[in-house]
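Understanding the architecture of this molecule
As a plain string of letters, each chain reads:
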Amino acid sequence: MNWIKIKNNTKISLLDIPILDISDLRIEIISLCSALTQGGSDNSSVLAGYKMRPVGFFGKDWGRGDTRLFVVLADDRTGEFYVSSAIFKAGIREYESITKEIPAFHMFEREFYEEFNIRPKNHPWLKPVRKSLDDYKFFEMEGEEIHQVAVGPIHAGVIEPGHFRFMCNGETVYHLEIALGYQHKGVEDMMVKCPSNQLAESICGDSVIAYNLAYSKVMETIKGISVSYKAKLIRNLALEMERAAVHIGDLGAIAGDIAYLMGASVFGATRTLVINTMLEFSGSRFGRGLITLGGVNFDIDETKIERAKKTFEKVEKDVRRMVKTMLKNSSVVSRLEKTGTVSAERAAEIGLVGMAARASGLNIDSRFNFPDSQMKETGLERVHLKGTGDVNARFKLRYKEILQSFSIIRKIFGKFKEYSHEPVNCGYEVLNKENAKDVFAISVVEGWRGEIIHIAMTDNEGRLTRYKIKDPSFNNWYGLALAVRNNGVSDFPLCNKSFNLSYCGCDL
């Protein structure tokens, strides 16, 4: 067997992960991830014609100068991950690139090369992911009317650093190259040395709950720490509140970029109501300090629940009214439709995930593909949307996911009384320390941008030796670059807001 299967929030023995020759592993990967020759009647059910997709491709120092490459593929139809590996001996510093066959590997191979100096031969664009760009040569175009527009890394607004280099003919963008890496923090190494909930929730400030939840679940899986059903309810409640709040804020940002100031004002105010409710629940508008190993730090009493119900009822009503008003306005629709389009085929090819992928017609949502027991109990179905892949689709998808989140929240509120007797924190007691030795565990949480993946590995003493994190922005930044092609350079802010990707999530 060349692969070992693993489910979300489970662990396997590190010793059971197959080790293949890199040439054989490459052939296996291409076979599992290549396009299907025949699809079903619903293209989304086969992810626009693709079998499996990469969610992990990273290395670990294996001693004596050797490097072990771990590969994790996701099968969204069965809810399973496939894990395999290869060892590069000290003298072997290259292999044949997978990207030229499966483009979704382009970022993964670049990151692996950057960290371990093992070159993927014939990679189509081996540019840096996080290292200094001092000597980097940007893509160039020639022509009498070709000109460059450079933006950043320091921006006029209060945002993180990133450089955008536009190749334009007049106002039309031919190509956008995005350079990040200005704030590489070494989070994964810090996680190995001093893992904590506080570090996890600080990785990406607009996804506090999702990141902390992924960290908590993977550590609880490794250590065998139990969590009460009530604590799980509160965790999922907070996750959907975070999703709704950020999506509402992004609707406002999109409205602001098309000068629809009424929408910007209304969405801004309604988002505040959601995050202020989070403040009531946890003492932080962004949920810092709420989730911890073994459960959560704060219970939610009946009074707060009743107040939250009324607040969310108002928020949902206001969001519905504002979205319907905007979409009746022809000038609004003309700015959203056919702007920043990424087709389903291209989205699958480059490996888009999360909200951006779903807006292009890909049926990828880890809440459904890799669900926990509570998500199954909600009985909710996926959001159905014509995936046109433009700003309009990303706007509408956010709106539908807001309504979906509030539906989940209502169901969670309805279950609280049933589990009121349970503790919200079961403590840090490790059930079986032996079971934490030489393990490989994975946790995927669907944040508002998309899948957040945490992978942890331990040694024969049960200590963390590798901690790998993948933010959805890692997959999606190139999607933004493709979205602005053949659009006006003035459309970039609107396209950018419709994706709303994370700099710090990529610059780990």
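What this report covers is the structure whose coordinates are included nearby. In this text the structure is predicted, and so the values were computed from the model without any measurement.

What counts and how
Residues numbered from 1 in each chain as written. Predicted model: local features only at pLDDT ≥ 70, side-chain atom pairs only at ≥ 80, totals over all residues. Heavy atoms only, no water. Buried < 20%, exposed > 50% of the residue type's maximum accessible area, 1.4 Å probe, protein only. Helix = DSSP H or I, 4+ residues; strand = E, 2+ residues; numbered from the N terminus. Pairing = 2+ DSSP bridges. Axes fitted to C-alpha atoms, helices over the stretch in contact; angles between N-to-C directions. Salt bridge = Lys/Arg side-chain N within 4 Å of Asp/Glu carboxyl O. Phe/Tyr/Trp six-rings, centres within 6.5 Å; stacked < 30°, edge-to-face > 60°. Lys NZ or Arg CZ within 6 Å of the ring centre and 35° of its normal.

It is a general feature of regular strands that their side chains alternate between the two faces of the sheet. For strand S6 (residues 80–88), the tally of buried residues reaches 8 of 9 residues, placing the bulk of the element in the interior. Relative to S6, strand S1 (residues 4–6) is paired through 3 bridges, and the arrangement is antiparallel. Bridging across to S6, Lys5 finds its partner in Tyr82. Bridge count for strand S3 (residues 19–20) against S6 is 2 bridges, and the pairing is parallel. Within S6, the residue paired with Ile19 across the bridge is Ser85. With 9 bridges joining them, strand S5 (residues 66–75) and S6 adopt antiparallel strand pairing. Across the sheet, Leu69 pairs through a bridge with Ala86, a residue of S6. Taking the residues that link successive antiparallel strands as the turn, the S5-S6 hairpin has 4 residues, and the phi of Gly79 there is positive, at about 70 degrees.

Overall, antiparallel pairing links the 3 strands, which are arranged S9-S10-S11 in an open sheet. Taken across any chain shown, the strands that pair with only one partner, and hence form the sheet edges, are strand S9 (146–151) and strand S11 (172–179). Each adjacent strand pair in this sheet contributes to an overall mean axis angle of 20 degrees, direction not counted. Here 6 bridges tie S9 to strand S10 (residues 163–169), and the two strands are oriented antiparallel to one another. From the neighbouring strand, Gln148 faces S10, where its bridge partner is Met167.

So, on to the pattern of salt bridges. Under the criterion given, the structure shown has 37 salt bridges. Of the charged contacts, one joins Lys5 and Glu80 as a salt bridge, the two residues approaching to 3.9 Å between their closest N and O atoms. Taken together, the residues span a long stretch of sequence, with Lys5 in strand S1 and Glu80 in strand S6 at a distance of 75 residues. Given the relative accessible area of 18%, Glu80 is considered buried. Between Asp365 and Arg367 there is a salt bridge, with the nearest N and O atoms lying 3.0 Å from each other. In this pair, the class of Asp365 matches that of Arg367, namely buried. A network of salt bridges, in which partner residues are shared, links Glu240, Arg243, Arg358, Asp365, Arg367, Glu401 and Glu446.

Tallied over the full model, the rule gives 22 aromatic pairs. On the numbers, 4.4 Å between centres and 10 degrees between planes, the contact of Phe81 with Phe370 is stacked. On the criterion of sequence distance, the pair formed by Phe81 in strand S6 and Phe370 in the loop between helix H12 (366–369) and helix H13 (373–378) is long-range, its members being 289 residues apart. The class of Phe370 is buried, set by a relative accessible area of 5%. Taken together, the ring pairs in this structure connect Phe57, Phe88, Tyr95, Phe105, Phe108, Phe112, Phe116 and Phe474 into an aromatic cluster. In this arrangement the basic side chain of Lys127 is found over the ring face of Trp125, its NZ or CZ atom lying 4.9 Å from the centre. If you follow Arg165 out to its NZ or CZ, it ends over the ring of Phe138, 4.0 Å from the centre.

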